[in-house]
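Residue strings, one per chain:
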Amino acid sequence: MKIKTVIIEDIKSYIETLKIMLSIYPQIEIVATASNKAEGVDVLKKHMPDLVFMDIQLGKNSGFEILEECSDYYKTVIFITSHEEYAIKGYNYKVLHYLLKPFDEDALSIAINKTNRHFENQTNIIDIRNSVFKINNLKSNKIFFPDRNVHHAIEVDSIIYI
């Protein structure tokens, strides 16, 4: 499974370093990067990533501002920052892990392993949910369509055109 990933960091050299460090993980697919709030909002809304690596302090803005504005456009976040005092606040924003700068390959490996487990668990939950919907579908006159994290039930008789 590919994990669609965005990096939001205001220091370009950190973006490049993180891209190199992540290149050894074939499941991580970096689809975009951003270096400020406006770019961050744009890439989250455009790509709707599974995973966001984000610095908390982005110039005059904070990563929290982006996460509040785009709460429906990402699945989980790994903070990459030198501001450890924000760690507790971060867990209100779908934060999976917290990497304190400067971090090394071992710290990143721990974060990626945690990410893999997170998405494997999500996939298992979705598989179970789909199985339940298929069983229910056999007993009813409805078709269930997945849409992000929700399934919609449609009466077969109400379908006019497919």
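S.K.: What am I meant to see in the nonpolar core here?
M.R.: It is characteristic of soluble globular proteins that their nonpolar side chains tend to be buried jointly. Ile8, Leu44, Met54, Ile66, Val77 and Phe79 are the most contacted members of the largest nonpolar core, which has 21 residues in total. Secondary structure elements with two or more residues in this core: β1 (3-8), β2 (28-34), α2 (37-47), β3 (51-54), α3 (63-69), β6 (76-81) and β7 (95-100). In this structure, Ile8 is in contact with Ala34, Gly40, Leu44, Val52, Phe53, Met54, Asp55, Leu58 and Ile66, ignoring residues within four places of it in sequence. Counting residues in hydrophobic clusters, the runner-up holds 18 residues, among them Leu18, Ile78, Phe103 and Leu108.

S.K.: Can you help me understand the pairing of β3 in this one?
M.R.: Regular strands place side chains that alternate from one sheet face to the opposite one. Taking every second residue as pointing to the same face, both faces of β3 are buried, with Leu51 and Phe53 on one and Val52 and Met54 on the other. Sheet analysis places β1 next to β3, joined by four bridges and oriented parallel. Bridged to Ile7 within β3 is Phe53. Sheet topology note: the β3/β6 ladder contains four bridges and is parallel. Across the sheet, the residue bridging to Met54 is Phe79, located in β6.

S.K.: Quick question: what am I supposed to make of the sheet that holds β3 here?
M.R.: Whenever strands of a sheet pair, they do so through backbone hydrogen bonds, lying parallel or antiparallel. The sheet built from five strands is open, its strands ordered β2-β1-β3-β6-β7 with parallel pairing. The open sheet has two edge strands with one neighbour each: β2 and β7. This sheet shows a mean twist of 20° between the axes of neighbouring strands, independent of strand direction. Across the sheet, helix α1 (residues 12-22) touches β1, β2, β3 and β6, and the angle it forms with β2 is around 175°. Each of β1, β2 and β3 touches α2; the most contacted strand, β2, lies at about 140° to it.

S.K.: Sorry if this is basic, but what is going on with the pattern of salt bridges here?
M.R.: One side chain can pair with another of opposite charge once the charged atoms of both are near each other. Here the structure, examined in full by the defined rule, presents six salt bridges. Where Glu16 meets Lys19, a salt bridge forms, and the shortest distance between an N and an O atom there is 3.8 Å. You can see Glu16 and its partner Lys19 sitting in helix α1, three residues apart, about one turn around the helix. Owing to a relative accessible area of 43%, Glu16 belongs among the partly exposed residues under this scheme. Exposure remark for Lys19: the relative accessible area of 31% places this residue in the partly exposed category. Note that Lys75 is salt-bridged to Asp50, the shortest N-O span being 3.2 Å. Taken together, the residues span a long stretch of sequence, with Lys75 in the loop between α3 and β6 and Asp50 in the loop between α2 and β3 at a distance of 25 residues. When its relative accessible area of 9% is taken as the criterion, Asp50 is described as buried.

S.K.: What is the right way to read α1 from this model?
M.R.: Because an α-helix packs 3.6 residues into every turn, residues spaced three or four apart end up facing the same way. Turning to α1, its buried residues number three or more, namely Ile15, Leu18, Met21 and Leu22. Looking straight down α1, one finds its buried side chains confined to an arc of 130°; they lie on one side. Across α1 from its buried face, at more than 90 degrees, point the exposed residues Lys12 and Ile20.

S.K.: Looking at this structure, I do not really get the confidence of the model for the protein chain. What am I missing?
M.R.: When pLDDT drops low, the exact placement of atoms in the prediction is not to be read closely. Averaged over every residue, the pLDDT of the protein chain is 83; the share at 70 or more is 76%. Low pLDDT, under 50, characterises residues 123-127; the stretch is placed with one contact to residues that sit more than four places away or in other chains.

S.K.: I'm lost on the side chain of Lys101 in this one. Help?
M.R.: Looking at the secondary structure, you find Lys101 in the loop between β7 and α5 (105-139). Of the polar contacts made by the side chain of Lys101, one reaches the side chain of Asp55; its length is 3.1 Å. Setting aside its immediate chain neighbours within four residues, Lys101 contacts Glu9, Tyr14, Asp55, Ile80, Thr81 and Ser82.

S.K.: What am I meant to see in the packing of aromatic side chains here?
M.R.: Any aromatic ring pair is given by two values, namely how distant the centres are and how the planes are angled relative to each other. Applying the stated rule across the entire model yields two aromatic pairs. Centroid distance Phe64 to Phe79: 5.4 Å. Interplanar angle 70°. Geometry classified as edge-to-face. In this pair, Phe64 sits in helix α3 while Phe79 sits in strand β6, placing the two residues 15 residues apart along the sequence. Each member of the pair, Phe64 as well as Phe79, carries the same accessibility label: buried. With a centroid separation of 6.2 Å and 70° between ring planes, the pair formed by Phe79 and Tyr98 is classed as edge-to-face. Residue Phe79 is located in strand β6, and its partner Tyr98 is located in strand β7; the two are separated by 19 residues in the primary sequence. Side by side, Phe79 and Tyr98 carry an identical accessibility label, which is buried. Positioned above the aromatic ring of Tyr14, the side-chain terminus of Lys101 is 4.2 Å from the ring centre.

What counts, and where the lines are drawn
Residues numbered from 1 in each chain as written. Predicted model: local features only at pLDDT ≥ 70, side-chain atom pairs only at ≥ 80, totals over all residues. Heavy atoms only, no water. Core = buried A, V, L, I, M, F, W, Y, C linked by side-chain atoms within 4.5 Å. Buried < 20%, exposed > 50% of the residue type's maximum accessible area, 1.4 Å probe, protein only. Helix = DSSP H or I, 4+ residues; strand = E, 2+ residues; numbered from the N terminus. Contact = heavy atoms within 4.5 Å. Pairing = 2+ DSSP bridges. Axes fitted to C-alpha atoms, helices over the stretch in contact; angles between N-to-C directions. Salt bridge = Lys/Arg side-chain N within 4 Å of Asp/Glu carboxyl O. Arc of directions from axis to C-beta. pLDDT = per-residue confidence, 0-100. Polar contact = N/O pair within 3.5 Å; in protein donor to acceptor, adjacent residues only side chain to side chain. Phe/Tyr/Trp six-rings, centres within 6.5 Å; stacked < 30°, edge-to-face > 60°. Lys NZ or Arg CZ within 6 Å of the ring centre and 35° of its normal.

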